[in-house]
Amino acid sequence: MTTDLGLFGPDSVSWRVHREPVLWLAGLRALYLQALHPRAVAGVVQNSDFRRDCWPRLMRTAEYVGIVVYGTTEQAEKAGRRVRRIHDRLRAHDPATGEEFRVDDPHLLRWVHVTEVESFVSTARRARIGLTDADVDRYYAEQTRAAALVGLDPDTVPASAAEVGEFYRSIRPELRLTAEARDVARFLTVPPMPTKVVAVGRPAWLGLATTAFALLPRWARRLYRLPGLPTTDVAASLAITGLRSVINALPVRDGPIYREAMRRAEQARGEVAA
């Protein structure tokens with residue numbers, strides 16, 4: 001019986017990119033970016049108590065990404081079905097018009113998907129992980145499989161750097177800094193901390209959040225009414241490169257989902273050799 005290597009497999013760009021622990025910052029960058037779409041942020045604010053549930057929610061999101069990338073096909077599809085069931089019953093109201101909309105509107109799902117994958121790619125390149133232009137296009141094409149899990153038609157999802165760039169150009173007129181976006185960004189930057197770790201945790205998190213924010217595109221930083229200066233880009237690149245070096249020097253960096261994926265990959269190589 002052939003070992004199930006999941007949606008992507010060990011030769012994929014997705015496996016190579018997502019092994020990097022520093023990409024936690026990419027997830028945070030994506031949240032800052034997603035908040036700039038009025039309906040996307042309204043869907044979150046009106047359907048979740050993210051202020052009380054922030055840390056478990058962050059861990060669930062990270063676990064979901066890990067399962068989609070490194071889990072078996074069955075595990076990834078099961079995770080996708082769970083997300084679709086949750087989204088299917090959620091509705092929100094447009095903060096400007098009052099119009100009700102579905103949280104799983106394909107237009108919003110595409111926005112969330114593109115901001116996530118572009119954040120992963122952009123952060124990986126800024127951290128000097130070593131992705132060529134061809135690697136980037138391949139990553140985007142691979143990730144259309146992940147988009148399908150949440151209910152998107154893969155043919156409607158940007159599958160190259162050029163298509164991602166065009167998607168951003170087309171959607172930017174819809175983006176703005178709403179009161180909800182400002183509140184979410186403030187919360188992401190200074191979230192509540194357990195009392196026992198607040199003295200150390202708060203300044204450490206502030207440094208990470210500041211770096212994640214600085215990794216945003218200049219046009220996004222300007223929407224947040226902060227300067228989109230080239231010097232900020234340089235400083236962010238230096239910060240994340242240094243952070244990656246520190247993380248990679250730690251004795252433990254691979255999580256259980258990744259280790260199990262590598263075990264299956266070794267098993268698959270043994271099956272081929274046999």
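Computed from a prediction, not measured in an experiment: that's the story for all the values here.

**Q** Can you break down the nonpolar core residue by residue, with the values?
**A** By size, the foremost hydrophobic cluster in this structure holds 52 residues, and its most contacted members are Tyr-32, Leu-33, Trp-111, Tyr-139, Tyr-168 and Tyr-224. A per-element tally of this core places helix α6 (residues 106–126) first, with 6 residues.

**Q** Any chance you could break down the packing of aromatic side chains for me, citing the residues and the numbers?
**A** For any pair of aromatic rings, the description rests on two quantities: the centre-to-centre distance and the angle between the ring planes. Tallied over the entire structure, the rule returns 8 aromatic pairs. Ring geometry for Tyr-32 versus Phe-213: centroids 5.3 Å apart, planes at 90°, classification edge-to-face. Residue Tyr-32 is located in helix α2 (residues 24–34), and its partner Phe-213 is located in helix α10 (residues 198–214); the two are separated by 181 residues in the primary sequence. With respect to class, Tyr-32 is no different from Phe-213; both count as buried. Between Phe-167 and Tyr-168, the aromatic rings sit 6.3 Å apart at their centres with planes inclined by 50°, giving tilted as the arrangement. The exposure class assigned to Phe-167 is buried, which follows from its relative accessible area of 10%. The structure contains a cluster of three or more aromatic residues connected by ring pairs, namely Trp-111, Phe-167, Tyr-168 and Trp-219.

**Q** Mind laying out the side chain of Arg-110, listing which residues take part and the relevant values?
**A** Inspection of the secondary structure puts Arg-110 in helix α6. Look at Arg-110: it is buried, it has no salt bridge, and the nearest opposite charge is Asp-105 at 5.9 Å. Those residues in contact with Arg-110 that sit more than four places away from it in its chain are Leu-152, Thr-156 and Phe-167.

**Q** Tell me about the environment of Ala-146, and name the residues and values.
**A** Among the structural elements, Ala-146 can be located in helix α7 (residues 133–149). Aside from chain neighbours lying at most four places away, what touches Ala-146 is Phe-8 and Val-68.

**Q** So what's going on with the packing of α2 against α6? Residues and values would help.
**A** Where α2 contacts α6, the axes come no closer than 8 Å and their chain directions differ by 140°. Comparing the axis directions of α2 and α6 gives the class oblique. The way α2 lies across α6 gives a crossing that is right-handed. For the pair α2 and α6, the contacting residues are Ala-26, Gly-27, Arg-29, Ala-30, Leu-33 and Gln-34 in the first and Trp-111, Val-112, Thr-115, Glu-116, Glu-118, Ser-119, Phe-120, Ser-122 and Thr-123 in the second. Looking at the contact of α2 with α6 residue by residue, the class counts come to 6 nonpolar, 6 polar and 3 charged.

**Q** So what's going on with the pattern of salt bridges? Residues and values would help.
**A** Any two side chains of opposite charge can pair if their charged atoms end up close together. For the structure on display, the rule yields 15 salt bridges. Between Arg-269 and Glu-266 there is a salt bridge, and its shortest N-O distance comes to 2.5 Å. Pair noted here: Arg-269 and Glu-266 are both in helix α13 (residues 256–273), with a separation of 3 residues, about one helical turn. Looking at Arg-269, the relative accessible area reads 41%, which means it is partly exposed. One salt-bridge network, in which partners are shared between bridges, spans Arg-39, Asp-94 and Glu-99.

**Q** Before we move on, could you go through helix α9 (residues 179–189) and cite the residues and values that matter?
**A** Within the span of α9, buried status applies to Ala-181, Val-184, Ala-185, Phe-187 and Leu-188. Looking straight down α9, one finds that the buried residues subtend no more than 160° of arc, so they occupy a single side.

**Q** Quick rundown of helix α8 (residues 161–171)? Include the residues and the values.
**A** If you check which residues of α8 are buried, you get Val-164, Phe-167, Tyr-168 and Ile-171. When α8 is viewed along its axis, its buried side chains cluster within an angular range of 95° and face the same direction. Exposed positions of α8 whose direction lies more than 90 degrees from the buried face are Ala-162 and Arg-169.

**Q** Please set out the side chain of Arg-29 residue by residue, giving values where relevant.
**A** Mapped onto the elements, Arg-29 comes out in helix α2. When its relative accessible area of 1% is taken as the criterion, Arg-29 is described as buried. Of note is the side chain of Arg-29, whose polar atom sits 2.9 Å from the backbone oxygen of Leu-215. If near-sequence neighbours (up to four positions away) are discounted, Arg-29 is found in contact with Glu-118, Ser-119, Ser-122, Thr-123, Ala-212, Leu-215, Leu-216 and Pro-217.

So, how was this worked out
Residues numbered from 1 in each chain as written. Predicted model: local features only at pLDDT ≥ 70, side-chain atom pairs only at ≥ 80, totals over all residues. Heavy atoms only, no water. Core = buried A, V, L, I, M, F, W, Y, C linked by side-chain atoms within 4.5 Å. Buried < 20%, exposed > 50% of the residue type's maximum accessible area, 1.4 Å probe, protein only. Helix = DSSP H or I, 4+ residues; strand = E, 2+ residues; numbered from the N terminus. Phe/Tyr/Trp six-rings, centres within 6.5 Å; stacked < 30°, edge-to-face > 60°. Lys, Arg positive; Asp, Glu negative; His and termini not counted. Salt bridge = Lys/Arg side-chain N within 4 Å of Asp/Glu carboxyl O. Contact = heavy atoms within 4.5 Å. Axes fitted to C-alpha atoms, helices over the stretch in contact; angles between N-to-C directions. Parallel < 35°, antiparallel > 145°, perpendicular 65-115°, else oblique. Left-handed = near helix turned anticlockwise from the far one by under 90°. Nonpolar A, V, L, I, M, F, W, Y, C, P; charged D, E, K, R; others polar. Arc of directions from axis to C-beta. Polar contact = N/O pair within 3.5 Å; in protein donor to acceptor, adjacent residues only side chain to side chain.

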